[in-house]
Amino acid sequence: MAEIELRQVAKKFGDLWAVKPMDLTIYDGEFVALLGPSGCGKTTTLRMISGLEAVTEGRIFINGKDVTWLSASQRDIAFVFQFFALYPQMTVRQNIAFPLESQGMKRAEINQRVAEVVKLLEIGHLLQRKPPALSGGDKQRVALARSLVRKPACFLMDEPLGALDAEFREVMRAEIKRLHLAQHATTVYVTHDQVEAMAMGDRIVVMSAAEVQQIGTPAQVYHDPANLFVANFIGSPGMNLVPGKYVGDEVHLRGGSVYPTPPAWRPTLAARWQRDDVIVGFRPEAAQVSETGAIRGMVYASDLHGSYTMLHVSLNGELRPNGNGEDTIVHIRARRDVHYVIGSLVRFDLNPEMVRFFDPESEKAIAKEVRG
Amino acid sequence: MTTSEAVAGGEPLRIKARRQINDRAIQQLFIMPTLVLLILWNVFPLFYSLFLSFTQYSHSGKAPPVWIGTGNFDALLNDPKIWAAFAVTGRYALLSVLSQTLIGFGLALLLRAKFKANGLLTTLILIPMMLSPVIVGMFWRLIFNPLMGIFNYMIGFWNPTTAPIWLKDHALISVVIVDVWMWSPFVMLLCLSGLKAIPDYIYEAAEIDRASPWRQFWRITLPHVAPLLLLAVLFRTIEAFKAFDLVMGLTGGGPGNVTETVSVALYRMVFQGQARTGMASALAYVVLIVIIAVSNVYIWYLNKMKEA
Ligand SMILES: Nc1ncnc2c1ncn2[C@@H]1O[C@H](COP(=O)(O)OP(=O)(O)OP(=O)(O)O)[C@@H](O)[C@H]1O
Ligand SMILES: [Mg+2]
């Protein structure tokens, strides 16, 4: 069991920052998902934790011990590679036993340990085969078995499901989660799939452009995104972000609607009186369609989902995006049993609990002041 | 005239027919010369020499071949000089192939590392392989020369009167040294391509799995390179059994018959005084059979390795 601590860890390739200085503490037994778009430095971060990549700056601690300059083999970590990295010349059995044999473990104990993980992952029928003859899912199971068998202090997984097809990802996702719950080993899990991160992570580290954007529980990054990037990146579709002007206790939204701010936010927004521009953010489910709703727009498209309808609403009342960045289409959830005609007018209110405000300049969320 | 008709395109059907004939004709035109050459230079001599091996015949005499059944083979297998030649060939093949394999593989392991002059160094090392064996033999004779050759100085013998006379005292070893010098790069080249094909992540996985460098070599590097290494060994073994040009260039089979490989014995049998063409054909077939046998052992092993 292990606690991993990163202090101002950074990596530069030549002049390029692959990872800008970041701080992160991963607690014992925690499952942390490293989430971000392609090229944002997730893999590099994971490789630095593992010791496969040397840090440019900063220090790494595992269980309080400075491991910054220890090699991967000295860190007691397991790494599951995106493309499995099984040893092609060895049978599945030999692959799984390899880390144990490397430690010089006794044959009887090796056999017992291998038997344990083989049972756990249900791969008994594959033992005599070689990796090239396995399907993607089976390769993934074997790769997991090879990393589990050593009972390492922590697991690092680099998009372990990235090479699998959609159907199988779901199965393996559940399997990894189950293994984590059974073993309670500290796990860092890299993915660019936010659904995966939300479903699996105890906490999510959202990265973009080599920088950590936010660290928080799935609920936190979903409901309280730290900035516009996280708001947009998490959720599908992402959070609706509508620019507007703050006037009195109202926000004049782009497109013409006037949105009265929730009373709880007024002191906070008033404190920013010298700045009147603001971005209003809300999730699709924060919208409540009603005849008297403050925000109005025109139905631009509507998608039927099993239990609800997702309405695309054009706030500036135009049915075409006008291409100059002035149009504002928001997504709102509506009841599935009401039929919305495209081009018809729709009005909605926002659940005051679920509205967020962002500073357009810094792109950061505005924190609500709590006044006693 | 006909072409202009075709271009005019009055009769598409006829054009099509003619084009089909042309295609086939072109195909045959390409194949025929090769086929003719192959038959003249390979197939005919192959069968003619097989016929000769069962006859008493001398190409320098006027007498036609006389069928003597397996007489030539009986004589060969009872001739201690031929057995000696096979023993020399075997020793030579074993020593040179073993050394080449070790040195070539070693060089490949060194050159796999990424460093600045890597490409240049690889090219330089490959040069001996590209030279003509006869020329190599000639200049190594100079290098081995006890009076002015550089070899003795390089290995530390500064006094020509006490230094070994390589081509006389250690003639077979000398030929092995030159062959190794010339052909280790070939083994290296094959091994290098095998090594470069091993993806980095396999080693990263082994590092994560805490395998020592020694273990990584035995369990990952060697199994990956083994098929290519075996192929290199196969090629070099066949070549070693046919060793001729280098030996002729260096020692001519001497002193005495110390470096008389089977091929050299064969050459002497035909072209140095005796002109026993029938007997030599028989010997050539014995060599062929030995080489096929040895190759099959390797190939069987190679296949087994692929299955496993
Ligand atoms: N060995 C390297 N040499 C030079 N640049 C590198 C190297 N490895 C990664 N990079 C660069 O560092 C940046 C971060 O790469 P990294 O692989 O960590 O991204 P990632 O978030 O894992 O992306 P992906 O989702 O595509 O795997 C990229 O711009 C990449 O091109
Ligand atoms: Mg990556």
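### Some details on the overall build of chain A
- Scanning chain A from terminus to terminus reveals nine helices and 20 strands.
- If one aligns the C-alpha atoms of chain A with their principal axes, the spans along those axes are about 75 × 45 × 40 Å.
- Put simply, of all contacts in chain A between residues at least 6 apart along the chain, 66% involve residues at least 24 apart.
- About 16600 Å² of surface is accessible on chain A, with carbon and sulfur atoms providing 50% of the total.
- In chain A, the 42 positive side-chain charges and the 43 negative ones have mean positions that sit 6 Å from each other.

### Some points on the interface of chain A and chain B
- On the chain B side, the residues contacting the 27 residues of chain A number 16 residues.
- Both sides of the chain A and chain B interface together cover about 1900 Å² of buried area, and 56% of this is carbon and sulfur.
- The interface formed by chain A and chain B contains five salt bridges.
- A salt bridge links Arg215(B) to Glu101(A); the shortest N-O distance between them is 3.4 Å.
- Elements that contribute at least two residues to the side of chain A that touches chain B include exactly helix 1 (42–50), strand 6 (77–80) and helix 2 (92–102) of chain A.
- With five residues, helix 2 of chain A is the largest single contributor of residues to the side of chain A that touches chain B.
- Among the residues forming the side of chain A that touches chain B, the class breakdown is 13 nonpolar, seven polar and seven charged.

### Some remarks on the domain arrangement of chain A
All names here are of chain A.
- For chain A, the domain assignment lists domain 1 (4–232) and domain 2 (237–358).
- Put simply, the middle of domain 1 and the middle of domain 2, counted by C-alpha atoms, are 39 Å apart.
- Counting from both sides, the interface comprises nine residues of domain 1 and, opposite them, eight residues of domain 2.
- Of the roughly 790 Å² buried between domain 1 and domain 2 on both sides combined, carbon and sulfur atoms contribute 56%.
- Ranking the residues of domain 1 by area buried against domain 2 places Tyr222, Leu228 and Ala231 at the top, with a combined share of 57%.

### A word on the sheet that holds strand 11 (residues 240–247) of chain A
All names here are of chain A.
- Spatially, 13-12-11-14-20 is the arrangement adopted by the five strands of the open sheet, whose pairing is antiparallel. Strands with a single pairing partner mark the edges of an open sheet, and in this sheet they are strand 13 (258–260) and strand 20 (355–358). Across the sheet, the axes of successive neighbouring strands diverge by a mean angle of 40°, strand direction being ignored.
- Note: strand 11 against strand 12 (residues 250–253), four bridges, orientation antiparallel.

### Details of the pattern of salt bridges
- Taken as a whole and judged by the stated rule, the model has 24 salt bridges over all chains.
- The salt bridge involving Glu53(A) is made with Arg47(A); its shortest N-O contact spans 3.1 Å. Of the two residues, Glu53(A) and Arg47(A), neither departs from the other in class, the shared state being buried.
- Taking the shortest distance from any N to any O, the salt bridge between Arg236(B) and Asp179(B) comes out at 3.5 Å. Here Asp179(B) lies in helix 9 (residues 171–196) and Arg236(B) lies in helix 11 (residues 213–241), a separation of 57 residues in the sequence. Comparing Arg236(B) with Asp179(B), the two get one shared label, buried.
- Here the salt bridges share partners, and the residues they tie into one network are Glu101(A), Arg107(A), Arg215(B) and Arg219(B).

### A word on the nonpolar core
- Ile4(A), Leu6(A), Tyr87(A), Leu76(B), Phe144(B), Ile220(B) and Leu250(B) are the most contacted members of the largest nonpolar core, which totals 105 residues.
- The element contributing the most residues to this core is helix 9 of chain B, with 14 residues.
- Those residues in contact with Leu76(B), other than ones at most four positions away along the chain, are Ile82(B), Trp83(B), Met269(B), Met279(B), Ala282(B), Leu283(B) and Val286(B).

### Details of helix 9 of chain B
Residue and element names in this part refer to chain B.
- For helix 9, which comprises 26 residues, the first-to-last C-alpha distance of 37 Å matches the rise-based estimate of 38 Å (1.5 Å per residue) to within 8%.
- By the largest-angle criterion, Trp183 marks the main kink of helix 9, which is about 40°, and a proline, Pro185, follows within four residues.
- A large share of helix 9 lies buried, amounting to 20 of its 26 residues.

### Some thoughts on the site of ligand 1
Residue and element names in this part refer to chain A.
- Around ligand 1 lies a shell formed by Phe13, Leu16, Ala18, Ser38, Gly39, Cys40, Gly41, Lys42, Thr43, Thr44 and Glu159.
- At 3.0 Å from an oxygen atom of ligand 1 is found a main-chain nitrogen or oxygen belonging to Gly41.
- Residue Thr43 places a side-chain N or O atom 2.5 Å away from an oxygen atom belonging to ligand 1.
- Computed on the free molecule, ligand 1 has an accessible area of 640 Å², of which 58% lies beneath the protein chains in the complex.
- Sorting the residues of the shell around ligand 1 by element identifies strand 2 (16–26) and helix 1 as the ones contributing at least two each.
- Broken down by element, the residue count for the shell around ligand 1 peaks at three residues, all from helix 1.
- Taken together, the residues of the shell around ligand 1 break down into four nonpolar, five polar and two charged.

### Notes on the packing of helix 9 of chain B against helix 11 of chain B
All names here are of chain B.
- It is at 9 Å that the axes of helix 9 and helix 11 come closest, and there the two elements cross at 145°. Here helix 9 runs over helix 11; the crossing is right-handed. Along the contact surface, helix 9 presents Asp179, Trp183, Phe186, Val187, Leu190, Cys191, Ser193, Gly194 and Leu195, while helix 11 presents Thr221, Val225, Leu228, Leu229, Ala232, Phe235 and Arg236.
- Grouping the constituent residues of the contact of helix 9 with helix 11 by class yields eleven nonpolar, three polar and two charged.

### Section: the packing of aromatic side chains
- Across all of its chains, the model carries 24 aromatic pairs over all chains by this definition.
- Pairing Tyr87(A) with Phe98(A) gives two aromatic rings, centres 4.7 Å apart and planes at 55°, and the pair type is tilted. On the criterion of sequence distance, the pair formed by Tyr87(A) in the loop between strand 6 and helix 2 and Phe98(A) in helix 2 is long-range, its members being eleven residues apart.
- Judged by its relative accessible area of 2%, Tyr87(A) falls in the buried class.
- Judged by centre distance (5.5 Å) and plane angle (20°), the rings of Phe54(B) and Trp67(B) are stacked. On the criterion of sequence distance, the pair formed by Phe54(B) in the loop between helix 2 (12–52) and strand 1 (55–56) and Trp67(B) in strand 2 (residues 66–67) is long-range, its members being 13 residues apart.
- Under the relative-accessibility criterion, Phe54(B) is labelled partly exposed at 21%.
- In this structure Trp67(B) comes out as exposed when scored by relative accessible area, which is 57%.
- Each member of the aromatic cluster is reached from another via a ring pair, and the members are Phe44(B), Tyr48(B), Phe51(B), Phe54(B), Trp67(B) and Phe73(B).
- Between Arg333(A) and the ring centre of Tyr308(A), over which it is positioned, the NZ or CZ distance is 3.8 Å.

What counts as what
Residues numbered from 1 in each chain as written. Chains lettered and ligands numbered in written order. Predicted model: local features only at pLDDT ≥ 70, side-chain atom pairs only at ≥ 80, totals over all residues. Heavy atoms only, no water. Helix = DSSP H or I, 4+ residues; strand = E, 2+ residues; numbered from the N terminus. Contact = heavy atoms within 4.5 Å. Areas by Shrake-Rupley, 256 points an atom, 1.4 Å probe, with all protein chains shown as cover. Lys, Arg positive; Asp, Glu negative; His and termini not counted. Charge placed at Lys NZ, Arg CZ, Asp CG, Glu CD. Buried area = accessible area lost by both parts, 1.4 Å probe. Salt bridge = Lys/Arg side-chain N within 4 Å of Asp/Glu carboxyl O. Nonpolar A, V, L, I, M, F, W, Y, C, P; charged D, E, K, R; others polar. Domains from an automatic or database assignment. Pairing = 2+ DSSP bridges. Axes fitted to C-alpha atoms, helices over the stretch in contact; angles between N-to-C directions. Buried < 20%, exposed > 50% of the residue type's maximum accessible area, 1.4 Å probe, protein only. Core = buried A, V, L, I, M, F, W, Y, C linked by side-chain atoms within 4.5 Å. Expected span 1.5 Å × (residues − 1). Bend = angle between axes of the 7 residues up to and from the residue. Near = heavy atom within 4 Å. Polar contact = N/O pair within 3.5 Å; in protein donor to acceptor, adjacent residues only side chain to side chain. Left-handed = near helix turned anticlockwise from the far one by under 90°. Phe/Tyr/Trp six-rings, centres within 6.5 Å; stacked < 30°, edge-to-face > 60°. Lys NZ or Arg CZ within 6 Å of the ring centre and 35° of its normal.

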